[in-house]
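For reference, the chains in residue letters:
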Amino acid sequence: MSSSIPEITLNDGVTLPVIGLGTYKLNGNEGATAINNAIDAGYRLIDSAYNYENEGTVGEAVRRSTVPREELRITSKLPGRYQTYDKAVATIQESLYRANLDYYDLYLIHWPNPIQNDYVEAWHALIDAKKWGLIRSIGVCNFLPEHLERLKKETDVMPSINQIELHPFFNQEEQRKWHEENNVQTQSWSPLARVNHVLENETLRNIAEHHNKTVSQVILRWHHQLGSIPIPKSSSPERQRENLSIFDFSLNETEMSEIAKLTRPDGRQKNQDPAIYEEF
Ligand SMILES: NC(=O)c1ccc[n+]([C@@H]2O[C@H](COP(=O)([O-])OP(=O)(O)OC[C@H]3O[C@@H](n4cnc5c(N)ncnc54)[C@H](OP(=O)(O)O)[C@@H]3O)[C@@H](O)[C@H]2O)c1
């Protein structure tokens, strides 16, 4: 079973498909079936997190699949409450035990939690876990440039990826520019803005109609052209396939700038500003 999704190479040499599957709320047997459907459709990058309580579900889908493990890219994330060094090491091990995997392709710090201020310690644990072969590539989520700069200054290791909230209503222009200048790959979470109002947006509907595509496909193509890796979540085989069908058309400059105009300073879905918001 082959996949035709193009790949990119991260700053540490690890390759990733340019689109992946989100798995928040995909749990248990139903979740594993949904993830297997996605792998059959061609998805090779699967997101998850300790806090989604579905690392076991993802591991089960990997075992049920006929796609060889080395062709898959499996992600998990370290929760805020386990950011001190010893707890982070034990949690990475626990994540592997839960998934029954030998290694993660990507392991990310889930939130910087700057008030708690343990994220540099957590980063040391990820660096060591990579040395021990437990993780192939290490990254972060929701880090602002000031947090990324501190990691670089104190450990001399820049994350390969920063997974951030990114969709047409919150397009993260400055943060993406910073990533580009510092060779950090952007990944988009809630790439479809959880479809809250986005499917009815007139600008997006007009562009979709023009290309004979759906609004979701236009949004995911927009992420791709921005150079970010979207990880849309869908439990439905039809919508999973729909979300992968973004490589047979392209958006022109006018369409890209029309979509850029939809961004709003308060466009985050839940006002989770990583400068002050903390998640444990
Ligand atoms: N790092 C972080 O802090 C963080 C935070 C949030 C999320 N994430 C990750 O990012 C992933 C994606 O974000 P998300 O799940 O919040 O939101 P999302 O992917 O933007 O939207 C998911 C919602 O859209 C629906 N949907 C998907 N494709 C569709 C289509 N083609 N047409 C209509 N509806 C469609 C899904 O319903 P159906 O399932 O019914 O299709 C689901 O309700 C998560 O699953 C998680 O893995 C990370």
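Up top is the structure.
These figures come from a predicted structure and were not determined experimentally. Note on numbering: residues in each chain are counted from 1, in written sequence order. Owing to the predicted nature of the model, reporting of local features is limited to residues with pLDDT of at least 70; listing and counting of side-chain atom pairs is limited to 80 or more, with chain, interface and lining totals taken over all residues. As a convention, hydrogens and water are excluded, and side-chain values are obtained from all of the structure's heavy atoms.

Novice: I keep staring at the site of the ligand and nothing clicks. Help me out?
Specialist: With respect to spatial proximity, 28 residues lie near the ligand, and among them Asp47, Ser190, Arg194, Ser234 and Arg239 are the closest. Here a polar contact means two N or O atoms within 3.5 Å. Within protein one must be a hydrogen donor candidate and the other an acceptor candidate, and residues neighboring in sequence count only if both atoms are side-chain atoms. Contact distances for the ligand include 2.6 Å between an oxygen atom and a side-chain N or O atom of Arg239. Glu242 is positioned such that a nitrogen or oxygen atom in its side chain is 3.1 Å from a nitrogen atom of the ligand. About the coverage of the ligand: the protein hides 87% of its 910 Å² of free accessible area. A helix here means a DSSP run of H or I that spans at least four residues, while a strand means a run of E at least two residues long, and both kinds are numbered starting from the N terminus. Counting residues per element, the shell around the ligand draws most heavily on helix H9 (residues 237-244), which supplies three residues. Each residue is assigned to one of three groups, with Ala, Val, Leu, Ile, Met, Phe, Trp, Tyr, Cys and Pro labelled nonpolar, Asp, Glu, Lys and Arg labelled charged, and all others, Gly among them, labelled polar. Grouping the constituent residues of the shell around the ligand by class yields 12 nonpolar, 10 polar and six charged. One heavy atom within 4 Å of a molecule or strand makes the whole residue count as near it. Per-residue accessibility takes into account occlusion by the displayed protein chains alone, with areas from the Shrake-Rupley method and a 1.4 Å probe.

Novice: What should I look at first to understand H9 in this one?
Specialist: Residue pairs spaced three or four apart in an α-helix point in one direction, given the helix's 3.6 residues per turn. Relative accessibility under 20% of the residue-type maximum defines a buried residue, over 50% an exposed one, and the middle range a partly exposed one, all with a 1.4 Å probe and only protein chains included. For H9, the set of buried residues is Gln240, Asn243 and Leu244. Buried residues of H9 fall within an arc of 100° about the axis and therefore sit on the same side. Whether two residues are in contact is decided by their heavy atoms: any pair within 4.5 Å suffices. On its buried face, H9 sits against helix H1 (28-41) and helix H8 (215-226). The arc under discussion is defined with respect to the helix axis, by the directions toward the C-beta atoms.

Novice: What should I look at first to understand the pattern of salt bridges in this one?
Specialist: A pair can form between side chains of opposite charge whenever their charged atoms are brought close. Here a salt bridge means any side-chain nitrogen of Lys or Arg lying within 4 Å of a carboxyl oxygen belonging to Asp or Glu. Counted under the stated rule, the structure contains 14 salt bridges. For Arg98, the salt bridge goes to Glu94, with nearest N and O atoms at 3.2 Å. Linking Arg98 with Glu94, this pair stays in helix H3 (residues 85-99), spanning four residues, or about one helical turn. Glu94 sits in the partly exposed class, given a relative accessible area of 30%.

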